[in-house]
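What follows is each chain in one-letter form.
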Amino acid sequence: MNKKITVIGSLNYDVILKIPRLPFKGETLTANGATFSAGGKGANQAVQAAKLKTPTYMVGCVGTDASADFLVNTAKEYGVNVDYIRKVPGSSGMGVINAVEDGSVYACIVRGANFEVTKEDVDNAMPILKESGVCILQNEIPVEIIAYAIDKAKEAGCTVVLNAAPAIELPEECLSKVDILVVNEVEAEFYCHEKIDSVEKAKTEIKKMAEKYNNNVIFTLGKDGAVAYENGTIEFIPAMKVDAIETTGAGDSYIGAVSHSIIEGKSLIEACKFATKCSAITVCRMGAQPSMPTLEDVE
Ligand SMILES: Nc1ncnc2c1ncn2[C@@H]1O[C@H](COP(=O)(O)OP(=O)(O)O)[C@@H](O)[C@H]1O
Ligand SMILES: [Mg+2]
């Protein structure tokens, strides 16, 4: 298998406001503080793969605003190849996260440049897709581009990993063309139309889903762990018991790590075991990209 990864997806500038409570209509509330970070599911997953020393390309778009260079430079600092990130006029993708003291989170997302990714961007990436063993996609770029990218990545010989997040309606053929589908429990409920409230239920639903779409599937279940379906075998991989501090990017860390392991020739279930360790480290530190472990951290 080719030893590189290509991620086609989103880059977001995340603003996290720490607030004591939600403001009332017409009120200007003073926040307790704010943090600014590079995010977006695509960039996060690329950063995790690159931190594990897998040569990783990011394909996507940023805007021409002040955060654009920050997003590109941050990915680059973590070792991601940024040659296929294109600048388009206007705003970069953005996330505004209101983190209330009681632990609840109210978030808004600005699509911005992420929705300017075109078929031509995917075509331009064909040479790197041909060098890649895995292509990772998520639902933060237009659906028609996801569908096109799945076809092109398959044509280039990649194993296609689709993180169907956030949950949106996707053409059934998209789901059946991907090799590995990864969703968390909330997204799994959306696609299965069933409540996933136990590991047993996750096992029942993952089997139905994998058989329906004829692919391999991972359901991540937060602090409980994950259930994986690999060619007819279903396994529960419990999470590590750790004192989680901040879980943003847990799933992205997991997906970057699974993809890294697949490149290394591991089975999907082995890859999930490795990803469990990586994401356990990620949740014990603040932020998404800065908290993701390197290969040395995991060992
Ligand atoms: N509190 C936690 N303690 C240990 N591991 C965790 C914790 N939260 C998440 N993880 C690990 O990260 C993986 C992905 O987390 P999850 O919350 O399911 O994804 P997402 O971030 O997409 O919602 C889990 O399968 C688990 O292995
Ligand atoms: Mg979660």
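Residues numbered from 1 in each chain as written. Chains lettered and ligands numbered in written order. Predicted model: local features only at pLDDT ≥ 70, side-chain atom pairs only at ≥ 80, totals over all residues. Heavy atoms only, no water.

Going by what an unreviewed UniProt entry lists, the chain is known as Ribokinase and is assigned to Eubacterium ventriosum. What the UniProt record of the chain gives under Sequence similarities (unreviewed entry) is the line "Belongs to the carbohydrate kinase PfkB family. Ribokinase subfamily." UniProt lists a comment for the chain under the heading Pathway (unreviewed entry), and it reads "Carbohydrate metabolism; D-ribose degradation; D-ribose 5-phosphate from beta-D-ribopyranose: step 2/2." (UniProt positions renumbered as here; feature names shortened; annotations may be inferred.)

So, on to the overall build of the chain. In terms of helices and strands, the chain carries eleven helices and 13 strands. Its C-alpha radius of gyration of 18 Å places the chain within 12% of the 19 Å reference for a compact globule of 299 residues. Going through the 299 residues of the chain one by one, you find that 52% of them count as buried. Sequence separation of 24 or more characterises 66% of the internal contacts of the chain that already satisfy a separation of 6 or more. Surface accessibility of the chain: about 13,300 Å² in total, with carbon and sulfur atoms responsible for 53%. Here the chain carries 29 positive and 40 negative side-chain charges, and the mean point of each set is 2 Å from the other. (Helix = DSSP H or I, 4+ residues; strand = E, 2+ residues; numbered from the N terminus. Rg over C-alpha atoms; globule rule 2.2 N^0.38 Å. Buried < 20%, exposed > 50% of the residue type's maximum accessible area, 1.4 Å probe, protein only. Contact = heavy atoms within 4.5 Å. Areas by Shrake-Rupley, 256 points an atom, 1.4 Å probe, with all protein chains shown as cover. Lys, Arg positive; Asp, Glu negative; His and termini not counted. Charge placed at Lys NZ, Arg CZ, Asp CG, Glu CD.)

When the UniProt feature table is mapped to this numbering, "domain: Carbohydrate kinase PfkB" (unreviewed entry) covers residues 3–294. Split by type, residues 3–294 is 36% helix and 27% strand. Its first and last C-alpha atoms lie 17 Å apart.

Two faces, one strand: in a regular strand the side chains alternate between the faces of the sheet. Most of strand 10 (residues 180–184) is tucked away: four of the five residues are buried. The β-α-β motif built from strand 9 (residues 159–163), the intervening helix 6 (residues 172–177) and the parallel element strand 10 has right-handed crossover chirality. With five bridges joining them, strand 10 and strand 11 (residues 216–220) adopt parallel strand pairing. The partner of Val 183 across the bridge, within strand 11, is Phe 219. (Right-handed = clockwise from strand over helix to strand, strands pointing away. Pairing = 2+ DSSP bridges.)

This brings us to the site of ligand 1. Near ligand 1 there are 16 residues, and of these Asn 184, Thr 220, Gly 222, Gly 225 and Gly 251 occur at the shortest range. Within the side chain of Thr 220, an N or O atom sits 2.7 Å from an oxygen atom of ligand 1. In the model, an oxygen atom of ligand 1 is placed 2.8 Å from a nitrogen or oxygen of the Gly 222 main chain. When residues of the shell around ligand 1 are traced back to their parent elements, those giving at least two are strand 12 (225–230) and helix 9 (250–263). Looking at the shell around ligand 1 element by element, the count peaks at three residues for helix 9. Among the residues making up the shell around ligand 1, the classes are represented as nine nonpolar, six polar and one charged. (Near = heavy atom within 4 Å. Polar contact = N/O pair within 3.5 Å; in protein donor to acceptor, adjacent residues only side chain to side chain. Nonpolar A, V, L, I, M, F, W, Y, C, P; charged D, E, K, R; others polar.)

Below, the discussion takes up the UniProt feature "binding site: substrate" (unreviewed entry) in the chain. In this structure's numbering, the residues bearing the UniProt feature "binding site: substrate" (unreviewed entry) are Asn 12, Tyr 13, Asp 14, Gly 40, Lys 41, Gly 42, Ala 43, Asn 44, Glu 140 and Asp 252. Once residues within four sequence positions are removed from consideration, Lys 41 is found in contact with Ser 10, Gln 138, Glu 140, Asn 163, Ala 165, Pro 166 and Asp 252.

A cis amide bond, omega -5°, links Ala 165 with the succeeding residue Pro 166. Along the chain, Pro 166 falls in the loop between strand 9 and helix 6. The backbone phi angle of Asn 214 is positive, close to 55°, even though this residue is not glycine. Among the structural elements, Asn 214 can be located in the loop between helix 8 (199–213) and strand 11. Assessed through its relative accessible area of 67%, Asn 214 is described here as exposed. You will see that Asn 231, though not glycine, has its phi angle at about 45°, which is positive. Residue position: Asn 231 is located in the loop between strand 12 and strand 13 (233–238). For Asn 231, a relative accessible area of 63% translates into the label exposed.

We now examine the packing of helix 9 against helix 10 (residues 268–282). The geometry of helix 9 relative to helix 10 is characterised by a closest axis approach of 8 Å and an angle of 140° between their N-to-C directions. Comparing their axes, helix 10 and helix 9 come out oblique. Seen along the crossing, helix 9 lies across helix 10 with a hand that is right-handed. Contacts from Ala 250, Ser 253, Tyr 254, Ala 257, Val 258, His 260, Ser 261 and Ile 262 in helix 9 reach Leu 268, Ala 271, Cys 272, Phe 274, Ala 275, Thr 276, Cys 278, Ser 279 and Thr 282 in helix 10. (Axes fitted to C-alpha atoms, helices over the stretch in contact; angles between N-to-C directions. Parallel < 35°, antiparallel > 145°, perpendicular 65-115°, else oblique. Left-handed = near helix turned anticlockwise from the far one by under 90°.)

In this section: the packing of aromatic side chains. Throughout the structure, instances matching the rule amount to four aromatic pairs. Taking 5.0 Å as the distance between ring centres and 85° as the angle between the ring planes, the aromatic pair formed by Phe 190 and Tyr 191 counts as edge-to-face. With relative accessibility at 32%, the residue Phe 190 sits in the partly exposed group. Ring pairs connect the aromatic residues Tyr 13, Phe 36 and Phe 70, which therefore count as one cluster. Cation over ring: Arg 111 sits above Phe 115, and NZ or CZ is 4.1 Å from the ring centre. (Phe/Tyr/Trp six-rings, centres within 6.5 Å; stacked < 30°, edge-to-face > 60°. Lys NZ or Arg CZ within 6 Å of the ring centre and 35° of its normal.)

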